[in-house]
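Reading the structure
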Amino acid sequence: MPEQLPQYLSRIGTIGEKNRPPDRLPRRTFLADVGMGFTGLVLGKMLADDGVVRAGESAIWSPPDGQPHNAPRAKSVIWIFLVGGMSHMESFDPKPALNEHSGKTIAESPFKAVLDSPYLKKNLREFVAGNHKVYPTIYPLQVGYKKYGESGTEISDWWSNLAGCVDDLAIVRSMWTTDNDHGAQLQFHTGRHALEGQFPTIGSWIHYGLGTLNANLPQFAVMGTPIADCCGGVGAHGANYLGPEHAGVQLSTDPNNPLPFAGPGTDVYREEQREEFALLNRLNKLSEVEYPDDRSLAARIKAYELAYHMQVAVPHVVDCASETPAVQKMYGLDNKTTETFGRQCLVARRLVEQGTRFVQIFHGSNGGAGAWDAHGGLKAGHSALCSQVDLPIAGLIKDLKQRGLLDETIVVIGTEFGRTPGAQGADGRDHHPYGFSVAMAGGGIKGGVVHGSTDELGFHAVEHRHYVTDIHATVLKLLGLDGRRLEIPGRKRLDIDFGKPIAEILV
């Protein structure tokens, strides 16, 4: 074996080599072998002879270079998630048949066939069998609705401000998912049932696939209270096997403390901190040579570098004081009901304006299933929640449009599932994964479009059915990314993970 080492050593890349031929070993791989002594060199030779590929050595696969695969229609995404399960019938898919047949059982109505649909069990995967049954008594709509815009799209009165933007919206009324419990919150972001574990989220895939537009800001920012641990926790904005450097960065809209624990403290001079970061960076780089495959170390190095730059950039971008009174009013910052969420929407606009790729805003997280979870008191609960978000979301779309940013920013308004057509108790609706709605607007999205449909009761998605990853695929396509080209060796994904772009809502 020793006499064969010169052949192995001849394959080492040179110090200044940038375009290493595929038959040459990365220099840091060799240095790591040297660090393990003679045994390491021999092992490296044996692995090379056997064709065993170590991380960073493959000539076939390489990580994304930050460039889109195809011509993009958009640059950024603002992803709004309503936690708990918003009723589709009392928002974007009003169903007059609920009023007409109120009080009857579904079996007594002309639509009893929904109970025999294969969709009732075909796609359902329950945490606890029978925990969420079919509620038989039809419950009437708890709010009025009307047609809006040139498109004449029907939207509930609780969304009257957003309805003013309806000709900029594409509403997909035929969404479905497989989880009838709140693990569906995680599923909406990863595409996988919670029983299968955690996987990279749509935000992390975009962060992984596209290069930065502003090195001083997080490329995946998160605002609002994330979903509770019971429903996926930080996994809903995590990166899982992509590595922690691609996970979302939680931000506050308080300019005095926008990034918890990121500031140096009042007793530390900035010059002193700069020297500390420089020393840490040198030490980390030395460790990186010895442990080239340590993803946590690589993430830590990037986190230190980003944190330093963000200390100046983030407080500025979350400070809305420079916005005109008219703009602040547009988002509802002058009203206590809308101020908190409105500020998050305004900061989201400021972030994408400055180059952040993906901004995720959670609304309604309450440490449990979520405020939108309307098992009882649906009318009081949904009316209050809608009053918090309707004006700010409408303001966001209008503001993006007037600044020319809507053409390059995708806005998604989603929730984990809908609510049952039948009454739960006296005044609620249960979880409903069989059919619900998602609204989208912005770069490459057709405005004034309704795509797909549920049946007359809003029970099943029946026309142009779309699993949640079809939303992911649509967003990726508009950003110029091909999800299949982001796949990582050793991490086989299922066809359902990729979804299919919804061509009918694209310009």
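Residues numbered from 1 in each chain as written. Predicted model: local features only at pLDDT ≥ 70, side-chain atom pairs only at ≥ 80, totals over all residues. Heavy atoms only, no water.

**Examining the overall build of the protein**
To keep it simple, the criterion reads: Only DSSP runs of H or I with at least four residues qualify as helices, and only runs of E with at least two residues qualify as strands; both kinds are numbered from the N terminus onward. We call a residue buried when its accessible area falls under 20% of the maximum for its residue type, exposed when it is over 50%, and partly exposed in between, using a 1.4 Å probe and counting protein chains only. Reported accessibility uses the Shrake-Rupley method at a 1.4 Å probe radius. Residues are deemed covered only where the shown protein chains occlude them.
When you go through the protein residue by residue, the secondary structure sums to 15 helices and 15 strands. When each of the 507 residues of the protein is scored for burial, the buried share is 53%. Accessible area for the protein stands at about 22200 Å²; split by element, carbon and sulfur atoms hold 52% of it.

**Section: the packing of aromatic side chains**
Inclusion rule: Whether two aromatic rings pair depends on their centres lying within 6.5 Å, for rings of Phe, Tyr and Trp, where Trp uses its six-membered ring; planes under 30 degrees apart make the pair stacked, over 60 edge-to-face, and the rest tilted. When the NZ atom of lysine or the CZ atom of arginine is within 6 Å of a ring's centre and also within 35 degrees of its normal, the charge is said to sit over that ring.
For the structure on display, the rule yields ten aromatic pairs. Ring geometry for Tyr434 against Phe459: centres 5.7 Å apart, planes inclined by 20 degrees, an arrangement best described as stacked. With Tyr434 in the loop between strand 10 (431–432) and strand 11 (436–442) and Phe459 in the loop between strand 13 (453–454) and strand 14 (461–463), the pair connects residues that are 25 residues apart, well separated along the chain. One exposure class covers both Tyr434 and Phe459, and it is buried. Positioned above the aromatic ring of Tyr119, the side-chain terminus of Arg465 is 3.5 Å from the ring centre.

**So, unusual backbone geometry**
The backbone phi angle of Asn240 is positive, close to 50 degrees, even though this residue is not glycine. Secondary-structure assignment places Asn240 in the loop between strand 5 (220–223) and strand 6 (249–250). The phi dihedral of His464 falls on the positive side, at around 55 degrees, and the residue is not glycine. Mapped onto the fold, His464 is located in the loop between strand 14 and strand 15 (466–467).

**Some remarks on the pairing of strand 3 (residues 153–156)**
Note the following rule: The pairing criterion is simple: DSSP has to find at least two bridges between the two strands.
As defined by bridge partners, strand 2 (residues 145–148) adjoins strand 3 across four bridges and the pair is classed as antiparallel. When the bridges of strand 3 are listed, Lys146 appears paired with Ile155.

**A closer look at the side chain of Arg493**
Put simply, the rule is: We score Asp and Glu as negative and Lys and Arg as positive, and we do not count His or the chain ends. For this document, the term salt bridge refers to a Lys or Arg side-chain nitrogen within 4 Å of an Asp or Glu carboxyl oxygen. Any two residues whose heavy atoms approach within 4.5 Å are treated as being in contact.
Counting through the fold element by element, Arg493 comes out in the loop between helix 14 (469–478) and helix 15 (495–498). Notably, Arg493 is buried but unbridged: the nearest opposite-charge side chain belongs to Asp497, and the N-O separation is 4.3 Å. Sequence-distant contacts of Arg493, that is, excluding residues within four places in its chain, are made with Trp205, Tyr241, Gly483, Glu487 and Phe498.

**Here's the deal with the packing of helix 12 (residues 336–353) against helix 13 (residues 378–402)**
The test is simple: Between the N-to-C directions of two axes lies an angle of 0 to 180 degrees, each axis being a line fitted to C-alpha atoms and, for a helix, fitted only over the stretch in contact. For classification purposes, angles smaller than 35 degrees are called roughly parallel, those larger than 145 roughly antiparallel, those between 65 and 115 roughly perpendicular, and all remaining angles oblique. Here a crossing is taken to be left-handed if its near helix is turned anticlockwise relative to the far helix by less than a right angle, and right-handed if that turn runs clockwise. Classification convention: Asp, Glu, Lys, Arg as charged; Ala, Val, Leu, Ile, Met, Phe, Trp, Tyr, Cys, Pro as nonpolar; all other residues, Gly among them, as polar.
Running from N to C, helix 12 and helix 13 cross one another at 25 degrees; their axes reach a closest spacing of 8 Å. Between helix 12 and helix 13, the angle is such that the two are roughly parallel. Remark: the crossing between helix 12 and helix 13 carries right-handed chirality. Counted together, Thr337, Thr338, Phe341, Gly342, Cys345, Leu346, Arg349 and Val352 of helix 12 and Ser387, Gln388, Val389, Leu391, Pro392, Ile393, Leu396, Asp399 and Leu400 of helix 13 form the full contact between these two elements. In terms of residue class, the contact of helix 12 with helix 13 is built from ten nonpolar, five polar and two charged.

**Describing helix 13**
The line we're drawing: A helix is expected to span 1.5 Å for every residue after the first.
When the terminal C-alpha atoms of helix 13 are compared, their 35 Å separation across 25 residues agrees well with the 36 Å that a helix rising 1.5 Å per residue should span. Just downstream of helix 13, Gly404 is the residue with a positive phi angle, here 75 degrees.

**Some points on the pairing of strand 5**
Of the two faces of strand 5, both are covered, the one formed by Phe220 and Val222 as well as the one formed by Ala221 and Met223. Here strand 5 pairs with strand 7 (residues 358–363) via four bridges, running parallel. From the neighbouring strand, Phe220 faces strand 7, where its bridge partner is Phe358. Pairing between strand 5 and strand 6: two bridges, direction parallel. The residue of strand 6 that forms the bridge with Val222 is Gln250.

**Considering helix 8 (residues 202–209)**
The α-helix advances 3.6 residues per turn, and as a result positions three or four apart in sequence lie on the same side. Here helix 8 lies mainly inside the structure; eight of its eight residues are buried. Looking at helix 8, one finds that the buried residues are Ile202, Gly203, Ser204, Trp205, Ile206, His207, Tyr208 and Gly209. Tucked inside the fold, the buried residues of helix 8 contact strand 1 (76–82), helix 7 (184–190), strand 5, strand 7 and helix 14.

**What about the pattern of salt bridges?**
Here the idea is simple: oppositely charged side chains can pair when their charged atoms come close. Under the criterion given, the structure shown has 20 salt bridges. The shortest N-O distance in the salt bridge between Glu196 and Arg192 comes to 2.9 Å. Given the relative accessible area of 35%, Glu196 is considered partly exposed. Residue Arg192 is classed as buried on the basis of its relative accessible area of 9%. Salt-bridge contacts for Arg349 lead to Glu323; the nearest nitrogen and oxygen are separated by 2.8 Å. One end of the pair, Arg349, is in helix 12; the other, Glu323, is in the loop between helix 10 (295–318) and helix 11 (325–330), and 26 residues separate them in sequence.

**A word on a nonpolar patch on the surface**
What counts is decided by this rule: What makes a patch is a set of residues exposed beyond 30% relative accessible area and free of salt bridges, joined within 9 Å when like-charged and within 5 Å when nonpolar (Val, Leu, Ile, Met, Phe, Trp, Tyr).
A grouping of Phe127, Val128 and Leu195 is seen on the molecular surface, where their side chains present a nonpolar patch of about 270 Å² in accessible area. Within the secondary structure layout, Leu195 lies in the loop between helix 7 and helix 8.

**Regarding the confidence of the model for the protein**
Defined as follows: Every residue gets a pLDDT, meaning the predictor's confidence in that residue, from 0 to 100.
For the protein, mean pLDDT is 87; residues scoring 70 or higher make up 80% of the total. In this model, residues 13–23 is a region of pLDDT below 50 whose contacts with residues beyond four sequence positions or in other chains number twelve contacts. In the predicted structure, residues 48–58 sits below a pLDDT of 50 and forms 16 contacts with residues beyond four places in sequence or in another chain.

**Let's talk about the environment of Asp470**
Tracing the backbone shows Asp470 in helix 14. Residues Asp470 and Gly191 lie 279 residues apart in sequence; the distance between their C-alpha atoms is 9.3 Å. Setting aside anything within four residues of it in sequence, one finds Asp470 in contact with Arg465, Gly499, Lys500, Pro501 and Ile502.

**Some remarks on the environment of Pro315**
Tracing the backbone through its elements, the reader meets Pro315 in helix 10. For the pair Pro315 and Leu259, spaced 56 residues apart in sequence, the C-alpha separation works out to 8.3 Å. If we ignore the near neighbours within four places in the chain, the residues touching Pro315 are Pro255, Pro258 and Met310.

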